[in-house]
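# Overview (structure and organization)
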Amino acid sequence: MTSPAKDGHGAPPRDGNNKRERILDAAVKVFADKGFYNAKVSEIAREAGVADGTIYLYFKSKDDLLISLFEARMAEVNENLRAALASAADPIAKLRAAVRRHLGLVEQHPHVAEVLTVELRQSAKFMKEYSNPIFGEFLKLIASTIEEGQRSGALRRDLDPPIIARALFGALDELALAWLLKRRGAPGRRMEGLELSHAADHLANFFIDGLRQPDSASPPTNRSGGGPASRRTP
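Anyway, here's the lowdown on the structure attached to this text. These figures come from a predicted structure and were not determined experimentally.

What counts and how
Residues numbered from 1 in each chain as written. Predicted model: local features only at pLDDT ≥ 70, side-chain atom pairs only at ≥ 80, totals over all residues. Heavy atoms only, no water. Helix = DSSP H or I, 4+ residues; strand = E, 2+ residues; numbered from the N terminus. Buried < 20%, exposed > 50% of the residue type's maximum accessible area, 1.4 Å probe, protein only. Contact = heavy atoms within 4.5 Å. Areas by Shrake-Rupley, 256 points an atom, 1.4 Å probe, with all protein chains shown as cover. Core = buried A, V, L, I, M, F, W, Y, C linked by side-chain atoms within 4.5 Å. Expected span 1.5 Å × (residues − 1). Polar contact = N/O pair within 3.5 Å; in protein donor to acceptor, adjacent residues only side chain to side chain. Axes fitted to C-alpha atoms, helices over the stretch in contact; angles between N-to-C directions. Parallel < 35°, antiparallel > 145°, perpendicular 65-115°, else oblique. Left-handed = near helix turned anticlockwise from the far one by under 90°. Nonpolar A, V, L, I, M, F, W, Y, C, P; charged D, E, K, R; others polar. 1 Å grid on protein atoms, 1.4 Å probe; cavity = no way out; pocket = protein on both sides within 12 Å on 5 of 7 lines; lining within 4 Å. Points joined across faces, edges and corners; volume = space filled by probe spheres on them. Phe/Tyr/Trp six-rings, centres within 6.5 Å; stacked < 30°, edge-to-face > 60°.

## Looking at the overall build of the protein chain
- Secondary structure summary: the protein chain contains 10 helices and zero strands in total.
- In the protein chain, the succession of helices and strands from N to C terminus is α-α-α-α-α-α-α-α-α-α.
- Buried residues in the protein chain amount to 44% of all 234 residues.
- Put simply, of all contacts in the protein chain between residues at least 6 apart along the chain, 70% involve residues at least 24 apart.
- For the protein chain, the accessible area works out to roughly 13,100 Å², and carbon and sulfur atoms hold 51% of it.

## Section: unusual backbone geometry
- A positive phi angle, near 65°, is found at N132, a position not held by glycine.
- Its location among the elements puts N132 in the loop between α7 (124-129) and α8 (133-152).

## Some words on the nonpolar core
- In terms of nonpolar packing, the biggest core is built from 68 residues, with I23, F31, I44, F70, F138 and I142 touching the most fellow members.
- With 10 residues, helix α9 (residues 161-184) is the largest single contributor of residues to this core.
- Other than its neighbours up to four places away in sequence, F31 contacts F36, A39, I44, K62, L65, L66, L69, V115 and E119.

## Looking at helix α5 (residues 91-108)
- Relative to the 26 Å expected for 18 residues at 1.5 Å per residue, α5 spans 25 Å between its end C-alpha atoms, a close match to the ideal helical length.
- Listing the buried residues of α5 in full gives P91, I92, K94, L95, A97, A98, V99, H102, L103, G104, L105 and V106.
- The backbone nitrogen of I92 has a side-chain oxygen 3.1 Å away, supplied by the residue at the start of α5, namely D90.

## Some words on the packing of α5 against helix α10 (residues 196-211)
- Following both chains from N to C, one finds α5 and α10 inclined at 150°, their axes separated by 9 Å at the closest point. As judged from the angle between their axes, α5 and α10 are roughly antiparallel. α10 is crossed by α5, and the crossing has right-handed handedness. From α5, I92, L95, R96, V99, R100, L103, V106 and E107 reach across to α10, where they touch L196, A199, A200, D201, L203, A204, N205, I208 and L211.
- Partitioned by chemical class, the residues of the contact of α5 with α10 number 12 nonpolar, one polar and four charged.

## Thoughts on the layout of surface pockets
- Its boundaries defined by the atoms lining it, the largest pocket holds a volume of some 580 Å³.
- Those elements giving two or more residues to the lining of the largest pocket turn out to be α4 (62-86), α5, α6 (110-117), α7 and α9.
- The greatest single-element share of the lining of the largest pocket, amounting to six residues, is contributed by α4.

## Section: empty space enclosed by the protein
- Evaluated as defined, the whole model comprises two cavities of 30 Å³ or more.
- Taken as a whole, the largest cavity encloses approximately 50 Å³ of empty space.
- If you trace the largest cavity, you find it lined by V77, N80, L81, A98, R101, H102, L105, F138, I142 and L172.
- Of all the elements in the fold, those that place two or more residues in the lining of the largest cavity are α4, α5 and α8.
- For the lining of the largest cavity, the element with the highest residue contribution is α5, accounting for four residues.
- Tallied by class, residues from the lining of the largest cavity come to seven nonpolar, two polar and one charged.
- The calculated volume of the second largest cavity comes to roughly 30 Å³.
- Considering the residues around the second largest cavity, the lining is formed by L95, R96, V99, L168, A204, F207, I208 and L211.
- Put simply, the parts of the chain that give the lining of the second largest cavity at least two residues each are α5 and α10.
- Ranked by residue count, the leading element in the lining of the second largest cavity is α10, at four residues.
- In terms of residue class, the lining of the second largest cavity is built from seven nonpolar, no polar and one charged.

## Considering the packing of aromatic side chains
- The full count for this structure, using the stated rule, is 10 aromatic pairs.
- Their ring planes at 50° and their centres at 6.5 Å tell us that Y58 and F59 sit as a pair that is tilted. With respect to burial, Y58 and F59 carry one shared label: buried.
- Ring geometry for F70 and F126: centres 5.2 Å apart, planes at 70°, overall edge-to-face. With a gap of 56 residues between them, F70 in helix α4 and F126 in helix α7 connect regions that are remote in the sequence. F126 shares its class with F70; the two are buried.
- What links up through ring pairs into an aromatic cluster is the set F31, F36 and Y37.

Given below as structure tokens:
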């Protein structure tokens, strides 16, 4: 799906990689400004400085362009996540760095974040037909960090890493969406005063505290209710 599509007349031109990137960059701006459904291929071509037909040398359709854009930018997100994980010394520090880096990217690249968070879900092709391996890689990186913490004894072993990884992404996605809606000035679910750097620390603390292996000095917990075990008086 990411390979440049050929028309009936041969391969794309030799400067194709540069032109393809220009088209992807233009698509980010147009999709973010106009929305996926309202955006026209001709508008993307004009923003990229290419002829309308050039788009179809590289992408089969507007949906294919959106999915290719997702793959390219999500691959960059994954590279940033790997760098964040590599920069931290232990699993708890890695999780904190991952949360900060992800929300930091949203703040630095709001148009890309808007496309990945909002517009991508408008594509029926993406939602129904695409297997989404790039996103699966993101989840595996988070899950493997949790597994590392479980092996070291720093994190609880009674929690399923893939489930927690998906839950963490869901929280990141919701915060990103709220921030983007606030930036856009849209009514509804936006959160007044939301700052992503502040939110990153709170979210990291929330998840890490829930994942951290309780020390022996902590009060025992009631397995059925999840709270402190009640003490019975004789």
